[in-house]
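Reading the structure
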Amino acid sequence: MFKRWLMALVARIGFIVLGLCCCLSLLYILACKPTSQGNQQSLPWSGGASSKERYMALLQEREDSHRHYINSLTKQIAQLKDALQERTQQLQESLDTAKTKGILPQGLESLHKMPTQSDLKEFFHSQLNQAEVNTGAKLSSEYALIPFDTFTLQSVYQLETGLTRHPVERPVRKDHRDELIGAVETALHILNGPQQHVHNIKGKRTYSPSDFIQGLTRTERDRGSVYELMFKGEGPQDFAQMVLFKPFGPVMKVKSETLNTRNMIINIIVPLSKRVDTFKQFINNFREVCIQHDSRVHLTVVYFGRDQIDQVKAVLDHTTRETRFRSFTLIQLNEEFSRGRGLDVGARAWRRSHNVLLFFCDVDIHFTADFLTSCRLNAEPGKRVYYPVLFSLYNPSVIYRNLTLLPSLQQQLVIKKESGFWRDFGFGMTCQYRSDFINIGGFDRSIKGWGLEDVHLYRKYLHSKLMVIRAPSHSLFHVFHEKSCADELLPDKYKMCMQTKAMSEASHGQLGELLFKHEIQVHSQKQTS
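Residues numbered from 1 in each chain as written. Predicted model: local features only at pLDDT ≥ 70, side-chain atom pairs only at ≥ 80, totals over all residues. Heavy atoms only, no water.

Attention now moves to the state of the cysteines. Per the stated rule, a full pass over the model turns up 1 disulfide. Here Cys290 is not disulfide-linked; the sulfur of Cys361 is the nearest cysteine sulfur, at 9.0 Å. According to the relative accessible area criterion, Cys290 is buried, its value standing at 0%. By relative accessible area, Cys361 is classed as buried at 0%. (Disulfide = S-S within 2.5 Å. Buried < 20%, exposed > 50% of the residue type's maximum accessible area, 1.4 Å probe, protein only.)

Printed below as a string of C-alpha cells:
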C-alpha cells in the first residue's frame, strides 16, 4: 500500500514540475513575441524635434515594457524554484521514511542519495571536525605534535626557521604574509560586523589592527589551517578571542568569545635547592612583573634541604616588607632534590577552593607580563594546556666578548640567532590548570634529580584528549648559567652533557670563531702588515 502511495506521490510531483515548466515557457514566449507590423508606427528618422521626442518616448516605453516583463519573469522563476525546492524536500522526507522502514522500492536508491546545496558546507565541517581545532587528538609521541607559530603584525616567531635560521622574522614569502594578514582582516570584519553586537548594542566598539595582540597558527596538511587570534578588549584584563579555520578554502568562523582574565590567579611553582643568588635575580623579575604590574599571582617555592633556606626566607620576608605582597608559600622538603617531586608537591599544596592555573617555572627563567597574559589565554581547564617554547640565551661572556662591559640582563633579552636559540626540546615550562594536572596523574615521582620528568608529563597530555598548545614565546627566556658535567658520569653521558653545554654556550658560528681564533688573528695581522 505504501509503495503505491509513494509511486503516486513521485508521479504527482513530476507532473507538477512539468506543468510549472510549461507555464514558464509559455510566459517567456508571450513576453518575447514581437509586435505585429500592423500595430507598429513608422520610425520617424526625420521630421525635426517633435519626431525626435516621439522616438525617444517610444524607446522609453519599450524599455519600461521590457523591464516590467523581466521583473515579472524573475519573480515567477523565484516562485517556481521555491515550489520545486519544497516538493524536493517532501520527496526526500518520503524517501527517508521509506528507507527507514525498509520499503524503499528498487530503482529509487539513487534518488535517496541526490546531492544538495549543503554538500560543500558539510564537507568543510567534516574537515573542521577531524582537525585538531576544538578538541585535542591522541598522538603517538612528542614527534607527532604540530607546533604553532606565534605572530604579530610585525613578526613571526617560528620553530621551522628554514634556510634563514632566524627564530623571528617578517615572512619572506608573499603568500605567507598575505595569509596571516588576511586572517587578521577576516577576524576584524567579523568582530565589527552587526552579528557580534546583537545582544550588546550599547557596548559596541570598533576593532582596528592596533587592537591585535598576537596570534597562533598551524597547518594540518590534510585538513587546513587554524588561526587563534587575540585582540584587546574593553579593559586591561579583557580580551577578544577569534578562532578561524581555513579548510584549504575560504576561512570559516569557529568561535568568537570574550575572555575575562580578572579572576585568573596564576600559581607560580619554583623548585629550588641552594642557588640563592639566582633566586634573588628571579625575585627581582617577580617583583617587577608580578607585584608591580599584575598582582594576580601566587608564588610557591619548594625548597630541598636545610642549607641556605634561611637566606631564601630572608629574601621573601624582605620582599614582603617592601611591597606588602604576602601571596607566598614556602615548602621545605628534607629530601634529595627532584624537580618533578617539587613541582608535584607545590601543585597539590594549593588549598583554596577554586581551580588554579599553574605555571611550572625554574629559578633561572625570566618572563614578562605578556607571558602571564599568554599563560591565561592559552590554558583552559579540561580542554587545553600551554607548553611554550622558551628562548635560551647564550653565554654573554662569549657573544659579547668584544665589548668592554657586558650589557645588562634587560639588554640581553633579544631574540636573534646570535643571542640564543629556541629550546624546542624542553618541556619544563608549562601552564596548566591544577585539575588537569591531578587528573592526568602528575609527575613520575620515581625520577630523581633534574630531567625527564617534564617529558613524561608532556607525553601524558599528548596521549590524552586535551589539546596541547605548543608555540614559541617571545616573552619567556632561559638565562644562561654555567653547566657542570660531573666526573662520575659514564663516558657516553659525559659526552652528551658536554654537547649540551656547547650548544648552550654560543652559536655554531661563534664557537667556530673560538675554535679558529688563532687562524683569524694570524690572517688579521697579515692584512694589516
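Residues Ile268, Phe279, Phe282, Phe286, Leu299, Phe359 and Phe367 are the most contacted members of the largest nonpolar core, which totals 51 residues. It is helix α6 (residues 276-294) that provides the largest number of residues to this core, a total of 8 residues. Sequence-distant contacts of Phe282, defined by excluding residues within four places in its chain, comprise Ile268, Val270, Leu299, Cys361, Asp362, Val363, Ile365 and Phe367. One finds Leu145, Ile269, Leu343 and Tyr458 within the second-largest nonpolar core, a separate group that totals 27 residues. (Core = buried A, V, L, I, M, F, W, Y, C linked by side-chain atoms within 4.5 Å. Helix = DSSP H or I, 4+ residues; strand = E, 2+ residues; numbered from the N terminus. Contact = heavy atoms within 4.5 Å.)

The sheet built from 7 strands is open, its strands ordered β3-β2-β1-β4-β5-β6-β7 with antiparallel pairing. Edge positions in the sheet fall to β3 (168-169) and β7 (252-260), since each has one partner strand and no second. Pairing between strand β2 (residues 156-157) and β3: 2 bridges, direction antiparallel. Paired with Val156 across the bridge in β3 is Glu169. Packing against the sheet, helix α5 (residues 174-191) makes contact with β1 (149-151), β2, β4 (212-220), β5 (224-232), β6 (238-246) and β7, and its axis sits at approximately 55° to β5. Packing against the sheet, helix α9 (residues 369-378) makes contact with β4, β5, β6 and β7, and its axis sits at approximately 60° to β6. (Pairing = 2+ DSSP bridges. Axes fitted to C-alpha atoms, helices over the stretch in contact; angles between N-to-C directions.)

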